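# Chain and residue survey
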Amino acid sequence: MEYGTLQSREAAIARKTNETDIQLSFNVDGSGTSRLETGVPFLNHMLDLFAKHGQFDLTVRADGDTDIDDHHTVEDIGICLGQALREALGNKAGIRRYASVFVPMDEALAQVVIDLSNRPHFEHRAVYPAARVGAFETELVHEFLWKLALESRMTLHVIVHYGQNTHHIIEAVFKALGRALDEATAIDPRVQGVPSTKGVL
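In short, a report on the structure. (Residues numbered from 1 in each chain as written. Predicted model: local features only at pLDDT ≥ 70, side-chain atom pairs only at ≥ 80, totals over all residues. Heavy atoms only, no water.)

## Comments concerning the sheet that holds strand S1 (residues 10-16)
Taken in spatial order, the four strands make up an open sheet running S1-S2-S4-S3, and their pairing is mixed. Single-partner strands in this sheet number two, and they are S1 and strand S3 (34-37). Geometrically, the sheet is characterised by an average inter-axis angle of 5° between neighbouring strands, direction not taken into account. The pairing of S1 with strand S2 (residues 20-27) spans seven bridges and is classified as antiparallel. Bridge pairing links Ala11 to Phe26 in S2. (Pairing = 2+ DSSP bridges. Helix = DSSP H or I, 4+ residues; strand = E, 2+ residues; numbered from the N terminus. Axes fitted to C-alpha atoms, helices over the stretch in contact; angles between N-to-C directions.)

Now the structure itself:
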């Protein structure tokens, strides 16, 4: 498979540890279809939103130690998704590279800014009013996004401008993440080669 082309911008990742067993496939140029069995219902919901609004195809099957808590499973899915994104994009020839997207969800407003730079960095400027949404610990949003940024080697800024309902805030973040990543990975016919004066990303 030749990665980094419109015909084959997809990857599959398997990760097995003493804490989790994950199979994940990701297609950048999909149709917004997801098949999610993470063992973490709220994460299923957020990843479904991410795939739908990014027009990605995403399949995740995870068996983790959720009897302890959801931390390892959420973190490791972030790792696998980041690795799949990096592999699927290959040398990043022709991509737009940058994106900045605002998404409202009722009273909440989230912004996601991306640079597919090969320089991993994560800024998370968000306040979540509640420590949990259902059984899901809201601090795990940071863990997921940080591992996604690290393993994909992207610069990722997530800014929540305001919001009162924690579910709405996190939903706006994941929708904005999907739309921003869709925009940053899009092929721009004006871009010749890699979009960097360095000649490499």
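## Some details on the packing of aromatic side chains
For the structure on display, the rule yields six aromatic pairs. Seen from their ring centres, Phe50 and Phe56 are 5.2 Å apart, and the 40° between their planes marks the pair as tilted. As far as burial versus exposure is concerned, Phe50 and Phe56 are alike and both buried. Between Phe122 and Trp146, the ring centres sit 6.4 Å apart and the planes meet at 15°, which makes this aromatic pair stacked. Here Phe122, found in strand S7 (residues 121-125), pairs with Trp146, found in helix H3 (residues 140-152); they are 24 residues apart in sequence, far enough to count as distant. Among the residues examined, Phe122 registers a relative accessible area of 10% and is labelled buried. Relative accessible area serves as the criterion here: at 27%, Trp146 is assigned to the partly exposed category. Among the aromatic residues, those joined into a ring-pair cluster are Phe26, Phe50 and Phe56. (Phe/Tyr/Trp six-rings, centres within 6.5 Å; stacked < 30°, edge-to-face > 60°. Buried < 20%, exposed > 50% of the residue type's maximum accessible area, 1.4 Å probe, protein only.)

## Section: the nonpolar core
Counting 61 residues, the largest nonpolar core has Leu24, Phe26, Leu58, Ile114, Phe144 and Leu156 as the members making the most contacts within it. Here this core takes 10 residues from helix H4 (residues 166-185), the largest share from any one element. Setting aside residues up to four positions removed in sequence, Phe144 forms contacts with Leu43, Leu47, Val74, Ile77, Gly78, Leu81 and Phe174. (Core = buried A, V, L, I, M, F, W, Y, C linked by side-chain atoms within 4.5 Å. Contact = heavy atoms within 4.5 Å.)

## Details of the pattern of salt bridges
Going through the model one piece at a time under the given rule, you end up with 12 salt bridges. Where Arg61 meets Glu37, a salt bridge forms, and the shortest distance between an N and an O atom there is 4.0 Å. With Arg61 in strand S4 (residues 57-64) and Glu37 in strand S3, this residue pair connects regions lying 24 residues apart in the sequence. Among the residues examined, Glu37 registers a relative accessible area of 48% and is labelled partly exposed. Its salt-bridge partner being Arg119, residue Asp115 comes within 3.9 Å of it at the nearest N-O pair. (Salt bridge = Lys/Arg side-chain N within 4 Å of Asp/Glu carboxyl O.)

## Looking at the environment of Glu151
The topology assignment puts Glu151 in helix H3. Glu151 sits in the partly exposed class, given a relative accessible area of 24%. The spacing of Glu151 and Pro120 is 31 residues in sequence and 7.7 Å in space, taken between C-alpha atoms. Beyond its immediate sequence surroundings of up to four residues, Glu151 is in contact with Ile79, Gly82, Gln83 and Arg86. There is a polar contact of 3.3 Å between the side chain of Glu151 and the side chain of Gln83. (Polar contact = N/O pair within 3.5 Å; in protein donor to acceptor, adjacent residues only side chain to side chain.)

Scope: geometric values only; no functional claims are made or implied.
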